[in-house]
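# Overview (structure and organization)
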Amino acid sequence: MIPTSLDYVRILPELIFSLFGVLVMLIDPVMGEHRSRKPMGVLAFIGCLLALAATILQTRAQGEAFSHMVRVDSFSIFFHLIVCVVSALVILASYEYLDVQHIRSGEYYGLILFGSVGMGLMSSAIELVLIFIALEISSISTYILAGMRRRAATSAESSIKYFLLGSFATAFFLYGVALMFGATGSTNVDVIGAALRTSHPPLVYVAVAMMFVGIGFKVAAAPFHIWTPDVYEGAPSPVVALMSTGPKAAAFAVLLRILVGANSPGWFWLVWLAAAISMTLGNMAALVQTNVKRLLAYSSIAHAGYLLVAFCAANVGVSAAIFYAAAYAAMNVGAFAIVAHFGSVSERYVTIEDYSGLGHRQPVLAAALTLLLLSLIGIPVTGGFFAKFYVFQVALNANLLGLTLIGVINSAIAAYYYLRLIVVMYMRDEAAEHVPITPIPFALAVVLIVSIGETIYVGVQPNRLFYLETQVARDLLRY
């Protein structure tokens, strides 16, 4: 029962995130009132890099830790890599943003690091109670981060709305955990899976449904998506880049553990309906948006639906779901980093019309955003194309013809609102002269290079990533 040194190695990324989060919070108050807070960003970024190195180190220390509560395997390592990279990119995207928006950076960077602790534990925990605690660590951090633009009423509204609705969703998840314990006598995913191979008590179906409601809220899947557009609109854009990628990837990892890894019954039609509604509602609502952040919010709902299509294919769809989560994270972080830079003070330039003539006034920024939008559409030679291709392929192989047709039709609909923004940037005669032109800072350039580089690499060499995802899926399914 006494933890060994190997146990601590298996939670080393979380320990590093926690240590650097505490350091940032301790150093910030002793700095002068008018001194630059950029060193806090550098410290937080170093913490992310060290956590990334610790995750790579874990490839040599795979196994279970802390009395079978945590499992380090290729599945958890892969999602740890996503969390570390996303957190590092968001910190870089926030480097100049915080000065422009006059946001105190100590607690901001600290909350990103503490939230990363929860995201990491969500991907490696195999104990439902620990998953719940990790989910709360991640959620509480993002609740506060959503309200960091204290001078903006929309930011306070987004934080309160996210907190209240998130609390209800958490209650559903926790009650589902309690019912699962009552039905199987355990909260360990492996023990639950073994119990469900022999019998399916009626209580299990209710437990699975309630846990799906809780996780469905976190991934912004319809009909649990109500919070998404308002929160995305009011929250700081780098925070939206974080909450739309890192916590969402970790929540999908939890969903894979619970639904597929634990052999849970009765979830197919729940996921099927959520996928169909998410794709349709997300894309149809995005068609009428004039605010870029709200447009991307509804887009994220639709993408959650595409990813859930892979879930419906059960075991054969696991690798496609993981591939999609990785590709989407790269695309979305870059897109919201550009929105954060372009929005200027108080994020006043966030309408589609504000982007008029951007291709002529700031061609590099426009080209970067165009490439990311084309990937979100699913144009060939981008990561988004192969992400959708693999999802629809496994769906067809699983005889999910109806759901695949819904997905393909919705992909065509989505092309309209993404292309509309590209048309505004390049084909409007009147440029938005009221929008100031600001040079791309070095930190943002790094974010865009990494985001676009990964998007293109996955689009040109998808087989390498898909082979890795196959190994990751095999690790999940072998228990």
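Residues numbered from 1 in each chain as written. Predicted model: local features only at pLDDT ≥ 70, side-chain atom pairs only at ≥ 80, totals over all residues. Heavy atoms only, no water.

## Section: the overall build of the protein
Basically, it comes down to this: Under the scheme used here, helices are H or I runs from DSSP no shorter than 4 residues and strands are E runs no shorter than 2 residues, and both carry numbers assigned from the N terminus. Restricting the calculation to C-alpha atoms gives the radius of gyration, and the globule rule supplies 2.2 Å times the number of residues raised to the power 0.38. A 1.4 Å probe rolled over the protein chains alone gives each residue an accessible area, and that area as a share of the maximum for its type sets the label: buried under 20%, exposed over 50%, partly exposed in between. Throughout, a residue-residue contact means that at least one pair of heavy atoms, one from each residue, lies within 4.5 Å. The protein chains shown are the only cover counted for residues, whose accessible areas, like all others here, come from Shrake-Rupley with a 1.4 Å probe. Charge assignment: positive for Lys and Arg, negative for Asp and Glu; neither His nor the chain ends contribute. Where a charge lies is defined by one atom per residue type: Lys uses NZ, Arg uses CZ, Asp uses CG and Glu uses CD.
Helices and strands together make up the secondary structure of the protein, namely 21 helices and 2 strands. Over its C-alpha trace the protein gives a radius of gyration of 21 Å, about what one expects of a compact globule, namely 23 Å for 479 residues. With the C-alpha coordinates of the protein rotated into their principal frame, the extents come out at 70 × 55 × 40 Å. Expressed as a percentage of its 479 residues, the buried residues of the protein come to 61%. Considering only intrachain contacts with a sequence separation of at least 6, the fraction spanning at least 24 residues in the protein is 81%. Total accessible area computed for the protein in this model is approximately 17,700 Å², and 70% of it derives from carbon and sulfur atoms. The distance from the centre of the 25 positive side-chain charges to the centre of the 24 negative ones in the protein is 2 Å.

## With respect to the side chain of Asp7
Filter applied, for reference: Throughout this description, the term salt bridge denotes a Lys or Arg side-chain nitrogen within 4 Å of a carboxyl oxygen of Asp or Glu.
Position of Asp7 relative to the elements: it lies in helix α1 (residues 5-9). Buried and unpaired, Asp7 has no salt bridge, with Arg10 as the nearest side chain of opposite charge at 4.6 Å. In this structure Asp7 touches Glu64, Ala65 and Phe66, once residues within four positions along its chain are discounted.

## Notes on the confidence of the model for the protein
Note the cut-off: pLDDT is a per-residue confidence score from the predictor, ranging from 0 to 100.
Taken as a whole, the protein shows an average pLDDT of 88; of its residues, 97% reach a score of 70 or greater. Model confidence for the protein, summarised as mean pLDDT per element, is weakest for helix α21 (residues 462-477) at 80 and strongest for helix α13 (residues 268-286) at 93.

## Notes on unusual backbone geometry
The amide bond that connects Ala222 to the next residue, Pro223, takes the cis arrangement and shows omega of 5°. Structurally, the position occupied by Pro223 is in the loop between α9 (202-218) and α10 (228-234). Residue Ser67 is not a glycine yet carries a positive backbone phi of 60°. Along the chain, Ser67 turns up in the loop between β1 (63-65) and β2 (70-72). Backbone geometry at Ala220 places phi at a positive 60°, although glycine is not the residue there.

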